[in-house]
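# Structural features, examined
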Amino acid sequence: MADGAEYAWLPSKVKEAGGKLSGGDLPKTVRMQLLSSCEDPKERETGTVCTFVVFGASGDLAKKKIYPVLWKLYDHGLLGDCAAIVGYARSSMTQQELVDRISPYIKVPEEKQAKLQKFLSKCVYFKGSYDDEASFAGLNTYLGKLETELKHATIRRMFYLALPPSVFEPVTKHIRNKVWSAGTNRVIVEKPFGRDSASSEVLSTHLSGLYQEKDLYRIDHYLGKEMVQNLMVLRFANRFLGPLWNRDNIECVQITFKEDFGTGGRGGYFDTFGIVRDILQNHLMQVLTIIAMEKPVTTSADDIRDEKVKVMKSIPPIKLEECVLGQYVANPIPGNKDSESGYLQDPTVPDTSKTATFCTAVLHINNERWQGVPFIMRAGKALDER
């Protein structure tokens, strides 16, 4: 396969995905295709100029996923030298403390250290509340000064909500009322999108009252993983798999998510959602639908979504007798400090919590391709391996 051919579907999706890429290296031809999608010819040489605001910059998702991917964008020339990256959270933190938090999660060879330091110098921090209009007004003033200093000819602001759903409503309201620029703006809403169907519907209604659909991206960061991105190519670019990818040749499908660490002080968030809401119903369901769906008419977001929805409509409710739920306990392993405490020993977890940290569930897809093939989804924290 020619260099970059396996990524042929990506360039047309760059803007729709808000520039979201996997952490893996991209072939040179792909990088050039991505740059060619920039509207401004100068940006094809210098990378996109924008202001990227990370709400929840002090959290795990930001330091482990968002900042490392922003580094990749910068490293591949997709973020220009004049781009601004602003972290926003309630924690008191200096820029150096922010850099110290994210640096361990960005691994680069020695020859790229200087470029990494240049990237980290762009990662600034603004402290503010999530429900206070004055904080967002202050953020808007701060962004304006930053964009003036960096000489942004065109104002583009991208707001990434790496936050729990409980603060989505006030944050999105204040963004729209206080930080919305006269240029181009986009809001990225990270999973989980509500806690259940009712809260998801409330959030959708709230967002539709503030923004046009083109201004919103509802994303699941798991789809940015290179392995997940390559599933579509694996399925539909390899013709020999077409006649084999069905119930006649596949006995079962297992989709496993394993972490070898516990909640690590994040129990306050995790205990509200648990492993089912946090992993199975979004991350693993997305993987399941990609594995099981029919070939979409095109690689447009709408056509891919339509095929995923067809799969989900074919899945009957999960039976309790086809589920295994569990909660990890202490199991000391020499050299593994995390193994010394169980879930209930996390000081941020209620002593009487019944929240599952492990789940195995069997799903069935009642359609012609998959009738009778069990799809086994399995996810857990503090397991034997990652």
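Everything discussed here concerns the structure shown above.
A quick note: this is a predicted structure, and the numbers were derived from the prediction, not measured.

## Concerning the pairing of strand β6 (residues 216-219)
- Bridge count between strand β5 (residues 184-190) and β6: 4 bridges; the pairing is parallel. Bridge pairing links Val189 to Arg218 in β6.
- Note that the unit made of β5, helix α8 (residues 197-208) and β6 has a crossover that is right-handed.

## Regarding the side chain of Asp271
- Mapped onto the fold, Asp271 is located in helix α10 (residues 267-292).
- Buried charge without a salt bridge: Asp271, with Arg195 as the nearest opposite-charge side chain at an N-O distance of 8.1 Å.
- One polar contact links Asp271 to Ser353, side chain to side chain, over a distance of 2.4 Å.
- At a separation of 3.0 Å, a polar atom in the side chain of Asp271 contacts the side chain of Thr355.

## Let's talk about the sheet that holds β6
- The 6 strands are arranged β3-β2-β1-β4-β5-β6 in an open sheet whose pairing can be described as parallel. The open sheet has two edge strands, β3 (123-127) and β6, and neither has a second partner. Strand after strand, the sheet turns through a mean of 20° between neighbouring axes, direction not considered.
- When strand β2 (residues 84-89) meets β3, the two strands line up parallel, connected through 5 bridges. Bridging across to β3, Gly87 finds its partner in Tyr125.
- Along the sheet, helix α7 (residues 168-179) makes contact with β1 (51-55), β4 (156-161) and β5, crossing β4 at roughly 170°.

## Observations regarding the side chain of Ser353
- Position of Ser353 among the secondary structure elements: in the loop between β8 (323-326) and β9 (358-364).
- Those residues in contact with Ser353, other than ones at most four positions away along the chain, are Asp271, Gln327, Tyr343 and Leu344.

## With respect to the layout of surface pockets
- Quantified by volume, the second largest pocket comes out at close to 1200 Å³.
- Among the elements of the structure, α3 (60-75), β7 (253-258) and α10 are those that each provide at least two residues to the lining of the second largest pocket.
- For the lining of the second largest pocket, the element with the most residues is α10, which contributes 6 residues.
- Of the residues belonging to the lining of the second largest pocket, the class tally is 15 nonpolar, 9 polar and 13 charged.

## Concerning the environment of Tyr222
- Secondary-structure assignment places Tyr222 in the loop between β6 and α9 (226-236).
- In this structure the C-alpha to C-alpha distance between Tyr222 and Gln286, which are 64 residues apart in sequence, comes to 8.4 Å.
- Excluding anything up to four places from it in sequence, Tyr222 contacts Val228, Phe257, His283 and Val287.

## Comments concerning helix α6 (residues 133-149)
- Spanning 17 residues, α6 covers 25 Å between terminal C-alpha atoms, matching the ideal 24 Å at 1.5 Å per step.
- For α6, the full list of buried residues reads Ser135, Phe136, Leu139, Leu143, Leu146 and Glu147. Along the long axis of α6, the arc covered by the buried residues comes to 105°, so they all point the same way. Every exposed residue of α6 that faces more than 90 degrees away from the buried side is listed here: Ala134, Lys145, Thr148 and Glu149.
- Buried residues belonging to α6 abut β1, β2, β3, β4 and α7.
- Following α6 by one or two positions, Lys151 adopts a phi angle in the positive range, close to 60°.

## A look at the sheet that holds β7
- Strand order in this open sheet of 4 strands is β7-β10-β9-β8, and the pairing throughout is mixed. Two strands close off the open sheet at either side, each with one partner strand: β7 and β8. For this sheet, the mean inter-axis angle between neighbouring strands, taken without regard to orientation, is 10°.
- Strand direction decides the pairing type here: β8 and β9, joined by 4 bridges, are antiparallel. Along β9, the bridge assignment pairs Gly326 with Phe358.
- Relative to the sheet, α10 contacts β7, β8, β9 and β10 (374-380), its axis offset from that of β10 by approximately 145°.

## Here's the deal with the packing of α10 against helix α11 (residues 301-313)
- Where α10 contacts α11, the axes come no closer than 9 Å and their chain directions differ by 100°. One way to sum up the angle between α10 and α11 is to call them roughly perpendicular. Here Met285, Gln286, Leu288, Thr289, Ile290 and Ala292 of α10 come into contact with α11, specifically with Lys308, Val311 and Met312.
- Looking at side-chain class alone, the contact of α10 with α11 contains 6 nonpolar, 2 polar and 1 charged residues.

## Digging into the environment of Arg195
- Structurally, Arg195 is set in the loop between β5 and α8.
- Separated by 83 residues in the primary sequence, Arg195 and Asp278 place their C-alpha atoms 9.6 Å from one another.
- Excluding its chain neighbours within four sequence positions, the residues that come into contact with Arg195 are Thr272, Phe273 and Arg277.
- Among the polar contacts listed, one links the side chain of Arg195 to the backbone oxygen of Thr272, at a separation of 3.1 Å.

The rules we used
Residues numbered from 1 in each chain as written. Predicted model: local features only at pLDDT ≥ 70, side-chain atom pairs only at ≥ 80, totals over all residues. Heavy atoms only, no water. Pairing = 2+ DSSP bridges. Helix = DSSP H or I, 4+ residues; strand = E, 2+ residues; numbered from the N terminus. Right-handed = clockwise from strand over helix to strand, strands pointing away. Buried < 20%, exposed > 50% of the residue type's maximum accessible area, 1.4 Å probe, protein only. Lys, Arg positive; Asp, Glu negative; His and termini not counted. Salt bridge = Lys/Arg side-chain N within 4 Å of Asp/Glu carboxyl O. Polar contact = N/O pair within 3.5 Å; in protein donor to acceptor, adjacent residues only side chain to side chain. Axes fitted to C-alpha atoms, helices over the stretch in contact; angles between N-to-C directions. Contact = heavy atoms within 4.5 Å. 1 Å grid on protein atoms, 1.4 Å probe; cavity = no way out; pocket = protein on both sides within 12 Å on 5 of 7 lines; lining within 4 Å. Points joined across faces, edges and corners; volume = space filled by probe spheres on them. Nonpolar A, V, L, I, M, F, W, Y, C, P; charged D, E, K, R; others polar. Expected span 1.5 Å × (residues − 1). Arc of directions from axis to C-beta. Parallel < 35°, antiparallel > 145°, perpendicular 65-115°, else oblique.

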